[in-house]
Amino acid sequence: MSNRLLDAQHLVKNFGGLTAVSDVSVHFDQNELVGLIGPNGAGKTTLFNLLTGVTPISSGAITLATDQGVQTLNGQRPAQIAQAGLSRTFQNIRLFKDLTVLDNVRIAMTNHYHETFFGSIFRTPAFYRTEAAMTTAAQNLLGIFDLTTVADQPAKNLPYGIQRRLEIVRALATKPKLLFLDEPAAGMNPEETADLTRLIRQIQHDFHITIVLIEHDMSLVMTVVERLYVLEHGALLAAGTPAEIQKNPAVIKAYLGDETTC
Amino acid sequence: MKTTLKANAVWLGVMILGFVVIDAAEFAGLVNTFIENMLVTIGINVILATGLNLIIGFSGQFSLGHAGFMAIGAYATGIITQSIATPLGFYLSMIVGIFVAIIAALIVGIPTLRLRGDYLAIATMGAAEIIRILINNLKITNGAAGLFNIPALASWATVYTIMCVTTIVTVNFIHSRGGRAVMSVREDEIAAEAMGINTTRWKLAAFVFGAATAAIGGSLHAAYIQTIAPSDFNIMASIAILIIVVLGGVGSITGTFVAAIVLGALDTILQNFGTLRMIIYSLALILIMIFKPTGLLGNWELSFKRLNHHKEVSAHE
């Protein structure tokens, strides 16, 4: 209990008459790698959207452990939740396409550096110092993930796999405590997926953060995660270690269908 | 740092050169009142369009109410300089105009910036109309007749200098932490929020900034033209500024300059063609929109820093 980071209790989301997420309770601990799986339409991305505030919850409670004690995230806008330390990537990549790779990363650092309005329009020495510090920090981050050579390119010019990597780097630039990855391996070939597996392990090791990932690629999920949640029809079907989940009859039924019906 | 300094020096040189060229032309008698009027109109249009480009091109919010904020600046100058007819009074009136425009922009912006696209355009257009109708019915603004005999406190040199200052301030803002946050809102609002950017706040910042520059443009307009009436600030005035932004390239300050100069010159040259002028003018617009829908320059910017960098790179090769 002591290292509990994010706790979500009894989350419900109704879209009109449709219940996309019904009574789901999940929790993520410090420096943990958790997977979230389930068939298409199970509500995985909706759950991410609820946790990061992109869509407001219908009912339930989300709390985050911070240095100042436990803080509730209910009803906060996505920007406040991001500032509290939850960052994410998107299923369909959402980069700032026309801006350079460097600017994509620097934008994510907005809240960690302070420039006054008058400082920036009159170019005070303090302004140049902040800009330089910000640029150095962004370049260091790009260096770690082999993106230095493309730093001045507009994000839209990058190949698909690199765009996915940049989105992860951008999310890391917000200095999160918890990183949500929404299908990071979607559309990748086996080689790129293997690279991604290494990357995710490296991030967890170097940045000491909690990573939650939605993924359909079972080889990736089963090798990297420590714990799994399985969603089906908006409800929590099972939770446990990859080994437990692989043997869980309910999960096998959800993915492969009932033996007796076929 | 060194390349930045060098590029800034080049820009300063360009600005001084521009001033000297106009001054020399004026001295040599090449500039009659007609041409001077054209130059000043271009200058004021650059100020107005740069501010609007910050709203439309950089924060991605579609505003059709720019003339409303321009009217606030113009009337502030018109009213105040009639009692204090000194340069000091003029600058004071400009500051008052900026201040009132900022307050108006906050009042308009806080509720309307939640809207998107067409709705925002209509809401801002409505706000500008409210400002115009208020001016039309107030005693202090002399109603529909407007104000005349406003002291001539702005020369072409004043307009030129203030144009340079507002452009520097705007460009400096764009190339800062705030400017990047504003652009992230244009690029992808959901992603910007997820990265901790308070999108409402930065949209409002761009909107208020744009309104303030519109007030400056209005102030100069009043002090140079010396006559203002509510009908000068109707929806067509907002659209005229919008045309400059769209034609030059949404998201390009360089484009705004080019479009303001081209349209200003075109407008003057076509005066000789009488009614044919409007046909040629609109034909030029349609042709550009067909063959270059992103505007003359798209979002390309002239950068001496980059030019210099290219030169150094090719010198090393």
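If you check an unreviewed UniProt entry, chain B appears there as Branched-chain amino acid ABC transporter permease from Lactiplantibacillus songbeiensis. Its UniProt record gives chain B the following Subcellular location (unreviewed entry) comment, quoted word for word: "Cell membrane".

As recorded in an unreviewed UniProt entry, chain A goes by ABC transporter ATP-binding protein and comes from Lactiplantibacillus songbeiensis.

Caption draft 1: Up close: the overall build of chain A. Within chain A, the secondary structure is distributed over ten helices and ten strands. For chain A, whose C-alpha radius of gyration is 20 Å, the value lies close to the compact-globule estimate of 18 Å for 262 residues. Counting only C-alpha atoms and orienting by the principal axes, one finds that chain A spans roughly 75 × 40 × 35 Å. By residue count, 41% of the 262 residues in chain A fall in the buried class.

Caption draft 2: Region of interest: the overall build of chain B. Per the secondary structure count, chain B includes 13 helices and zero strands. Secondary structure elements of chain B occur, N-terminal to C-terminal, as α-α-α-α-α-α-α-α-α-α-α-α-α. Taking 317 residues into account, the globule formula puts the C-alpha radius of gyration at 20 Å, and chain B, at 20 Å, falls close to it. When the 317 residues of chain B are sorted by exposure, 45% land in the buried category. Within chain B, counting contacts between residues at least 6 apart in sequence, those at least 24 apart form 81% of the total.

Caption draft 3: Layout of the UniProt feature "transmembrane region" (unreviewed entry) in chain B. UniProt tags residues 34-55, 67-85, 91-110, 117-135, 155-174, 204-225, 237-266 and 278-298 of chain B as "transmembrane region" (unreviewed entry). Each end of residues 204-225 of chain B is marked by a C-alpha atom, and these two atoms are 31 Å apart; helix forms 100% of the span and strand 0%.

Caption draft 4: Here's a closer look at the interface of chain B and chain A. The interface is formed by 23 residues belonging to chain B together with 28 residues belonging to chain A. Those elements giving two or more residues to the side of chain B that touches chain A turn out to be α6 (156-174), α7 (177-187) and α8 (189-194) of chain B. By residue number, the principal contributor to the side of chain B that touches chain A is α7 of chain B, which donates seven residues. Broken down by class, the residue content of the side of chain B that touches chain A amounts to ten nonpolar, eight polar and five charged.

Caption draft 5: Here's a closer look at the nonpolar core. In terms of nonpolar packing, the biggest core is built from 159 residues, with Val105 of chain A together with Met70, Ala101 and Ala215 of chain B touching the most fellow members. Per-element accounting of this core gives the leading share, 14 residues, to helix α9 (residues 199-225) of chain B. Not counting the four nearest positions on each side in its chain, alanine 101 of chain B is found in contact with Phe69, Ile72, Gly73, Ala211, Ala212, Ala214 and Ala215 of chain B.

Caption draft 6: Expanded view of helix α5 (residues 117-137) of chain B. All names here are of chain B. The end-to-end C-alpha separation of α5 is 31 Å, in line with the 30 Å expected for 21 residues at 1.5 Å each. Restricting attention to buried positions, one finds in α5 the residues Leu120, Ala121, Ala123, Thr124, Ala127, Ala128, Ile131, Arg132 and Ile135. Where α5 is buried, its residues contact α3 (66-83), α4 (87-112) and α10 (235-248).

Caption draft 7: Layout of the pairing of strand β1 (residues 4-15) of chain A. Residues and elements named next belong to chain A. Bridge count for β1 against strand β2 (residues 18-29) is eight bridges, and the pairing is antiparallel. Its bridge partner being in β2, leucine 6 is matched across the sheet by phenylalanine 28. Adjacent in sequence and paired antiparallel, β1 and β2 are bridged by two residues, among which glycine 16 carries a positive phi angle near 60 degrees. As paired elements, β1 and strand β4 (residues 59-66) share five bridges and run antiparallel to each other. If you follow glutamine 9 over to β4, its bridge partner there is alanine 61.

Caption draft 8: Just the sheet that holds strand β9 (residues 227-232) of chain A, in detail. Residue and element names in this part refer to chain A. Taken in spatial order, the six strands make up an open sheet running β6-β7-β8-β3-β9-β10, and their pairing is mixed. In this open sheet, the two edge strands, each paired with only one partner strand, are β6 (86-88) and β10 (235-240). Shown here is a sheet whose adjacent strand axes are inclined to one another by a mean of 20 degrees, direction ignored. Inspection of the sheet shows β6 paired to strand β7 (residues 178-182) by three bridges, in the parallel sense. Residue pairing for β7: leucine 86 is matched across the bridge by leucine 178. Across the sheet, helix α10 (residues 249-256) is in contact with β9 and β10; its angle to β10 comes to roughly 125 degrees.

Caption draft 9: Quick look at the packing of helix α2 (residues 33-58) of chain B against α9 of chain B. All names here are of chain B. Put simply, α2 and α9 touch, their axes get as near as 8 Å, and they point 170 degrees apart. Between α2 and α9, the interaxial angle falls into the category roughly antiparallel. Contacts from Val40, Ile44, Ile47, Leu48, Thr50, Gly51, Leu52, Leu54, Ile55 and Phe58 of α2 reach α9 at Ala206, Phe207, Phe209, Gly210, Thr213, Ala214, Ile216, Gly217, Leu220, His221 and Tyr224. When its residues are assigned to classes, the contact of α2 with α9 shows 15 nonpolar, six polar and no charged.

Caption draft 10: Local environment of the environment of glycine 234 of chain A. Here glycine 234 of chain A lies in the loop between β9 and β10. Between the alpha carbons of glycine 234 of chain A and valine 21 of chain A there is a distance of 4.1 Å; along the sequence they are 213 residues apart.

Caption draft 11: Here's a closer look at α2 of chain B. Residues and elements named next belong to chain B. For α2, spanning 26 residues, the distance from its first C-alpha to its last is 36 Å, which sits close to the expected 38 Å at 1.5 Å a residue. Of all the bends in α2, the largest measures some 30 degrees and sits at leucine 52. Of all the 26 residues making up α2, 19 are buried; the element is thus mostly covered by neighbouring parts of the structure. Of the residues trailing α2, glycine 60 is marked for its positive phi of about 75 degrees.

Quick notes on the rules
Residues numbered from 1 in each chain as written. Chains lettered and ligands numbered in written order. Predicted model: local features only at pLDDT ≥ 70, side-chain atom pairs only at ≥ 80, totals over all residues. UniProt positions renumbered as here; feature names shortened; annotations may be inferred. Helix = DSSP H or I, 4+ residues; strand = E, 2+ residues; numbered from the N terminus. Rg over C-alpha atoms; globule rule 2.2 N^0.38 Å. Buried ≥ 20, exposed ≤ 12 C-beta atoms within 10 Å, placed from the backbone. Contact = placed C-beta atoms within 7 Å. Nonpolar A, V, L, I, M, F, W, Y, C, P; charged D, E, K, R; others polar. Core = buried A, V, L, I, M, F, W, Y, C linked by C-beta atoms within 7 Å. Expected span 1.5 Å × (residues − 1). Pairing = 2+ DSSP bridges. Axes fitted to C-alpha atoms, helices over the stretch in contact; angles between N-to-C directions. Parallel < 35°, antiparallel > 145°, perpendicular 65-115°, else oblique. Bend = angle between axes of the 7 residues up to and from the residue.

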